[in-house]
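# Notes for the structure review
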Amino acid sequence: MNAAGLEEHRLFLGTVVRRCTALTFTASEEKVLVADKSGDVYSFSVLEPHGCGKLELGHLSMLLDVAVSPDDRYVLTADRDEKIRVSWALAPHNIESFCLGHTEFVSRIFVVPDHPELLLSSSGDCTLRLWDYRHGQELHCCHLTSLQEPAGPWSDKRFAASRISYWSRDSCVALLCDSVPVVYVFQLDAPRRQLVYRQQLSFQHRVWDVAFEESQGLWVLQDCRDAPLVLCRPVDGRWQPVPENATGKRVCTHLRGNWAMLEGSAGVDNGFSSLYKATFDNMTTYLKKKEERLQQQLRKKRPKNPSPGPNGQAKKHTTGKCTWNTHTEISPTGHTCDSLHKKQDIYQQLRGLPSSFQLEWEGERGRETERNINAKGAHQVAATRMTQTGPGTNCNQGTCP
C-alpha cells in the first residue's frame, strides 16, 4: 500500500504447507522468504508469480522471525527454542554462527541497515539485545522490566516485542511490545556498540504496529477508529505526537473505510502468551510423599510394647520370629536342668505362638538357642548353642537326660 496513492499491487500468490509466521524480501527483492510454524523456510520467486516454493532450511522448533543481511549473504532465523541461527544464503545447510543468550523464545530480529554487522533481537525474557551476529557475540543487553514505571497497570505482565523499527537519521530504535500500549525508544551508539534508552511513548489504546518513515517520523497504528494513525516526531529532543497532516488524514480515511478487515486481522492476539515455557514444581510433592512413605515404613518396623512374662520378664517381638528372655540358669551337666514344672509353664506361655520359634537362654558367658520344644516330652530338647572359651555355665552336650 502506498500512503500517497493508496494503490495495492499483488506480486504473487503462493501456498505453504503450514501456517506462515514471518516473511521478508531479500535485498535484491527477487525472492520472498517465508517461515512457517513447522520450522521450515521456503523461498518464492517474485519473477515467477505462479511458481512453487523452494525449501531452503529448517529448524526443529517453530520459527518466529526471519531476516536477511543487506548484502544477501546470510539468512537469519529465530525460533521458539531461544536461539538465533545465521546460515549462508547460497548454501543454507552451512551455519555461520549461533547467537545464544535469550532465556525465552526469540520473537523478533532486525539487521541494522547502516551497520550491516549488527543485529537487534527481542525475546519473551523482556530483553532487547545487540549482537555481532557473524561471530555470535552479544554486545549489549537492555532489560525492559527495569524501564517500566512501577505504577503502570502492566508492570507485572510478561511481554515480548512484536515489532522492531529503525530510523537511520538519528539511529533511533522503536520497540513495540505486545499487549502493552507503550513504545520504547532507544538510540544506537554504533561506535561504542551499545543501546541508549531515551524514552517511552504511552498511548490510550492498544498499539498494533509502528514504523519509521525517513521524511516524516514514527507512525503508530492503534486500536481506535476515530484516530487510528498517530504521527510522532522529535521535538526538543523528545518524541511526541504532532497534529495530523494531509497525508495522515488521507490514510486515516482509508483505514476507517476498511476498519472491519483491519480489526479482524491486526486486532487478533498474536499468540506470544502460549509460547512461554511452562514450569511444574513436582519435586515438592514427590519429596513430601517420599517422607510420608518412609515414616509409614518406620512405624511398621517399630516393635510394640512387650507384655510382662510370668516372672516379670518382658517378651521381645521382632519381625519374622518370636523370642523369650529368661534368667534360668544352666547347670554344668546339661542344657536345661530346670524342673518339669517350669518347662511346662514356659510351654503354656508359648502355646499360642507358631510351632517354629526361638528361645534364647542367656548365661554369664554364653548363649544358647532352643528350637521346636516338644510338648509331650519336655526333657527331649534339640539345642543349638554358641560357646565361648573359658570357665562358665556352658556345656558340650546338646541333649538333657
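Everything quoted here is computed from the prediction, not taken from an experiment. In this convention, every chain numbers its residues from 1, walking through the sequence in written order. In keeping with the model being predicted, local features are shown solely for residues with a pLDDT of at least 70 and side-chain atom pairs are shown and tallied solely at 80 or more, while totals for entire chains, interfaces and linings include all residues. Only hydrogens and water are set aside when side-chain values are computed; all heavy atoms of the structure are taken into account.

### Brief notes about the sheet that holds strand β1 (residues 20-25)
A pair of strands is treated as paired once DSSP finds two or more bridges between them. Helix and strand assignments follow DSSP, with helices taken as H or I runs no shorter than four residues and strands as E runs no shorter than two, numbered in order from the N terminus. Here we have four strands laid out as an open sheet, ordered β1-β2-β3-β4, and antiparallel in their pairing. The open sheet terminates on both sides in strands that have one partner only, identified here as β1 and β4 (54-58). Neighbour-to-neighbour, the strand axes of this sheet turn through a mean angle of 25°, independent of strand direction. Alignment of strand β2 (residues 31-36) against strand β3 (residues 40-45), held across five bridges, turns out to be antiparallel. Considered in β3, the bridge of Ala35 is made with Val41. Note on definitions: angles span 0 to 180 degrees between N-to-C directions of axes, and those axes are lines fitted to C-alpha atoms, for helices only across the stretch in contact.

### A look at the sheet that holds strand β16 (residues 194-202)
Taking strand neighbours across the sheet as the criterion, the four strands line up as β13-β14-β15-β16 in an open arrangement whose pairing is antiparallel. A strand with exactly one partner marks an edge of an open sheet, and here the two such strands are β13 (161-167) and β16. Between one strand axis and the next, the sheet turns through 25° on average, direction left out of account. Bridging between strand β14 (residues 172-177) and strand β15 (residues 182-189) involves five bridges; their strand directions are antiparallel. Each residue of the ladder has a partner; that of Leu175, found in β15, is Tyr184.

### Some details on unusual backbone geometry
Located in the positive-phi region is Cys126, a residue other than glycine, with phi close to 65°. With respect to the helices and strands, Cys126 occurs in the loop between β10 (118-123) and β11 (127-132). Throughout, exposure labels follow a simple rule: accessible area from a 1.4 Å probe, protein chains only, divided by the maximum for the residue type, with under 20% read as buried, over 50% as exposed, and the rest as partly exposed. When its relative accessible area of 8% is taken as the criterion, Cys126 is described as buried. Backbone geometry at Asp236 places phi at a positive 55°, although glycine is not the residue there. Turning to its location among the elements, Asp236 is positioned in the loop between β19 (229-235) and β20 (238-241).

### Considerations on the nonpolar core
As a rule of thumb, nonpolar side chains are buried together in soluble globular proteins. As used in this record, nonpolar core signifies buried Ala, Val, Leu, Ile, Met, Phe, Trp, Tyr and Cys residues forming a set joined through side-chain atoms within 4.5 Å. In terms of nonpolar packing, the biggest core is built from 22 residues, with Leu175 and Phe186 touching the most fellow members. Counting only elements with at least two residues in this core, the list comes to β10, β11, β13, β14 and β15. Ranked by the residues each element gives to this core, the list is headed by β15, at four residues. Contacts were defined at the residue level, with two residues in contact if any of their heavy atoms lie within 4.5 Å. In this view, Leu175 contacts Ser122, Leu128, Leu144, Ala161, Arg163, Ile164, Val182, Val183, Tyr184 and Phe186; residues no more than four positions away in its chain are not counted. Leu201, Leu218, Val220 and Val230 belong to the second largest nonpolar core, which has 16 residues in total.

### What about the packing of aromatic side chains?
Pairing of aromatic side chains here covers Phe, Tyr and the six-membered ring of Trp, requires ring centres within 6.5 Å, and sorts the geometry by plane angle: under 30 degrees stacked, over 60 edge-to-face, intermediate tilted. Summed over the entire model, instances satisfying the criterion amount to nine aromatic pairs. Both rings, one in Phe110 and one in Tyr166, keep their centres 6.3 Å apart while their planes meet at 40°; by these two values the pair is tilted. Of the two residues, Phe110 sits in strand β9 (residues 106-111) while Tyr166 sits in strand β13, which places them 56 residues apart along the sequence. Tyr166 sits in the buried class, given a relative accessible area of 7%. Here Trp167 and Phe212 contribute two aromatic rings whose centre-to-centre distance is 5.8 Å and whose plane-to-plane angle is 5°, an arrangement assigned as stacked. Here Trp167, found in strand β13, pairs with Phe212, found in strand β17 (residues 207-213); they are 45 residues apart in sequence, far enough to count as distant. Given the relative accessible area of 2%, Trp167 is considered buried. Joined through ring pairs, the aromatic side chains of Phe105, Phe272 and Tyr276 make up one cluster.

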